[in-house]
Amino acid sequence: MRRFKFVRNPAPEQLGNNVEEFLHWMDGPTCFLLEGEDTERTRALVTLLHGNEPSGTIALYRWLHSGRKPAINIVCIVASVGAALEPPLFSHRMLPRARDLNRCFRPPFDDAQGVLAEEILEILRFHHPEAVVDMHNTSGSGPSFGVCTHMDRQHDALVSLFTQRMIISDLGLGALMEISEDMFPTVTVEVGGRLDEEAHLLAYEGLCRYFGAATVLDQGETDWGLELLRDPIRLELNNNVTLTYADEPSPNYDITLKTDIEHYNFGSVSIDTPLGWASGSERSLFTALDAGGRCAVSRLVRIEQGQLFTAQPLKLFMITNNAAIAESDCLFYAVADDGNTICS
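Just so we're clear, the structure is a prediction, and the values are computed from it rather than from any experiment. (Residues numbered from 1 in each chain as written. Predicted model: local features only at pLDDT ≥ 70, side-chain atom pairs only at ≥ 80, totals over all residues. Heavy atoms only, no water.)

K.L.:
Can you walk me through the nonpolar core in this structure?
P.N.:
When a protein is soluble and globular, its nonpolar side chains tend to lie buried together. Phe32, Leu158, Tyr210 and Phe211 are the most contacted members of the largest nonpolar core, which totals 46 residues. Sequence-distant contacts of Leu158, defined by excluding residues within four places in its chain, comprise Ala131, Val133, Pro185, Val187, Tyr210, Val216 and Leu217. In terms of nonpolar packing, the next biggest core, distinct from the first, is built from 30 residues, Val241, Ile303, Leu308 and Leu314 among them. (Core = buried A, V, L, I, M, F, W, Y, C linked by side-chain atoms within 4.5 Å. Buried < 20%, exposed > 50% of the residue type's maximum accessible area, 1.4 Å probe, protein only. Contact = heavy atoms within 4.5 Å.)

K.L.:
Even after reading the chapter, I still don't get empty space enclosed by the protein, so can you show me in this structure?
P.N.:
Rolled over the atoms, a probe sized like a water molecule indicates the empty space that remains. Under the counting rule described, the total for this entry stands at two cavities of 30 Å³ or more. Its residues assigned to classes, the lining of the largest cavity comprises 11 nonpolar, seven polar and six charged. Looking at the second largest cavity, its volume works out to about 30 Å³. Surrounding the second largest cavity, Ser139, Met318, Thr320, Ile325, Asp329 and Cys330 form its lining. In terms of residue class, the lining of the second largest cavity is made up of three nonpolar, two polar and one charged. (1 Å grid on protein atoms, 1.4 Å probe; cavity = no way out; pocket = protein on both sides within 12 Å on 5 of 7 lines; lining within 4 Å. Points joined across faces, edges and corners; volume = space filled by probe spheres on them. Nonpolar A, V, L, I, M, F, W, Y, C, P; charged D, E, K, R; others polar.)

K.L.:
Would you mind going over the layout of surface pockets with me for this structure?
P.N.:
For the largest pocket, the calculated volume is near 250 Å³. Looking at the largest pocket, it is lined by 14 residues, and the ones nearest its centre are Leu171, Pro232, Arg234, Leu289 and Asp290. In terms of residue count, the dominant contributor to the lining of the largest pocket is strand 10 (residues 233-237) (three residues). By residue class, the composition of the lining of the largest pocket is seven nonpolar, two polar and five charged. Broken down by secondary-structure element, the contributors of at least two residues to the lining of the second largest pocket are helix 3 (81-85) and helix 4 (112-127). By residue class, the composition of the lining of the second largest pocket is nine nonpolar, four polar and three charged. (Helix = DSSP H or I, 4+ residues; strand = E, 2+ residues; numbered from the N terminus.)

K.L.:
Honestly, the packing of aromatic side chains in this entry has me stumped. Any pointers?
P.N.:
Two aromatic rings, taken as a pair, are described by how far apart their centres are and by the angle between their planes. Under the definition given, this model contains 12 aromatic pairs. An angle of 65 degrees between the planes, with centres 6.0 Å apart, marks the rings of Phe145 and Phe317 as edge-to-face. Pair noted here: Phe145 is in strand 6 (residues 145-148) and Phe317 is in strand 18 (residues 314-317), with a separation of 172 residues, a long-range link. The two residues Phe145 and Phe317 agree in class, both being buried. Both rings, one in Tyr210 and one in Phe211, keep their centres 6.1 Å apart while their planes meet at 40 degrees; by these two values the pair is tilted. Considered together, Tyr210 and Phe211 belong to a single accessibility category, that of buried residues. (Phe/Tyr/Trp six-rings, centres within 6.5 Å; stacked < 30°, edge-to-face > 60°.)

K.L.:
Looking at this structure, how should I read the pattern of salt bridges?
P.N.:
It is possible for side chains of opposite charge to pair when their charged atoms get near one another. Applying the stated criterion across every chain yields a total of 14 salt bridges. Between Arg43 and Glu130 there is a salt bridge; the shortest N-O distance is 2.9 Å. Within this pair, whereas Arg43 is found in strand 3 (residues 38-47), its partner Glu130 is found in the loop between helix 4 and strand 5 (132-138), the two being separated by 87 residues in sequence. When its relative accessible area of 0% is taken as the criterion, Arg43 is described as buried. Judged by its relative accessible area of 22%, Glu130 is partly exposed. Residue Arg234 is joined to Glu236 by a salt bridge in which the shortest nitrogen-to-oxygen separation is 3.4 Å. (Salt bridge = Lys/Arg side-chain N within 4 Å of Asp/Glu carboxyl O.)

K.L.:
Is there a simple way to explain the sheet that holds strand 3 in this structure?
P.N.:
Strands pair in a sheet through their backbones, by hydrogen bonds, and they do so in one of two ways: parallel or antiparallel. Taken in spatial order, the nine strands line up as 1-2-4-3-5-8-6-7-9 in an open sheet, and their pairing is mixed. The sheet is open, and its two borders are formed by strand 1 (5-8) and strand 9 (227-230), each paired with just one other strand. Across the sheet, the axes of successive neighbouring strands diverge by a mean angle of 20 degrees, strand direction being ignored. Pairing of strand 6 with strand 7 (residues 165-168) involves three bridges; the strand directions are parallel. Looking across to strand 7, one finds that Cys148 is bridged to Ile168. (Pairing = 2+ DSSP bridges. Axes fitted to C-alpha atoms, helices over the stretch in contact; angles between N-to-C directions.)

K.L.:
What should I look at first to understand the sheet that holds strand 19 (residues 332-336) in this one?
P.N.:
Spatial strand order, 13-18-19-10-15: five strands in an open sheet with antiparallel pairing. Two strands lie at the open edges of the sheet, namely strand 13 (268-269) and strand 15 (286-287), each paired on one side alone. In the sheet, strand 18 pairs with strand 19 via four bridges, with the strands oriented antiparallel. Pairing of Leu316 across the sheet is with Ala334, part of strand 19.

In structure tokens:
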């Protein structure tokens, strides 16, 4: 049974008077098919893979409500509507006990999230867009950035519609970007914190450029001036390690991170900057693998007299102050201070 609702060229008055009414009107995973001025080509936007990341949905509602017509055909996939509607609005990454949808785009597709991911891939294959943008919010407050699996002028051009910072990474997590890249140029765009008005504005302005430009895949020698961050390493918690956030060490937890830790997103973090407190050895608490599958924990963090520091000057990003996300996903990503791969 297909799970998606398909809507072609919706009239603005159908969509409700605000984003919450828009979500209720969709009432589940929805695919919008928008006819462009040029009907021979198609682009795709995927958003709300995580129900607590509202900027893409807010931007799409604003565009649809304006009644504007895109330059070419657009396929818009809005995925985790049910999770977004779970009270309070836009607070649940996924429904309880469900898998992270952006880890489900590789077989087996044997649960509800897997079936939904497989259908998203089927929609993309059927329409064969010239490009795919997967729009997200960061878990914590922080600057915008794009992610792609490899660097070329096409990916540079797509990311530059939204932001001037790009991460090159192929971690093999089962994300949409990794799987769909084999079919068409695909980028993930993280527009900023989910509660930040600046992120909602950036999402809308970038969406307008993506929908409205006759050409988005640059074939020339344009230098987009992007800041590049290469092959980040994820720092994750080991099983059964407990985590909290506070301004002083919490004796009932293995790790206490500082409450303002998200402020280090994309900043240079020196070896004498305390990130928090930890009880135990680095390898007993954390796991991290580099691109070669080698343990990289000792290259990322060190514990001295109960305080947690970076092991070398690093640039950190995707730092969150949400313990549930840190426990289920990761604490942060890291590259060397100059943006390059962390050497062994």
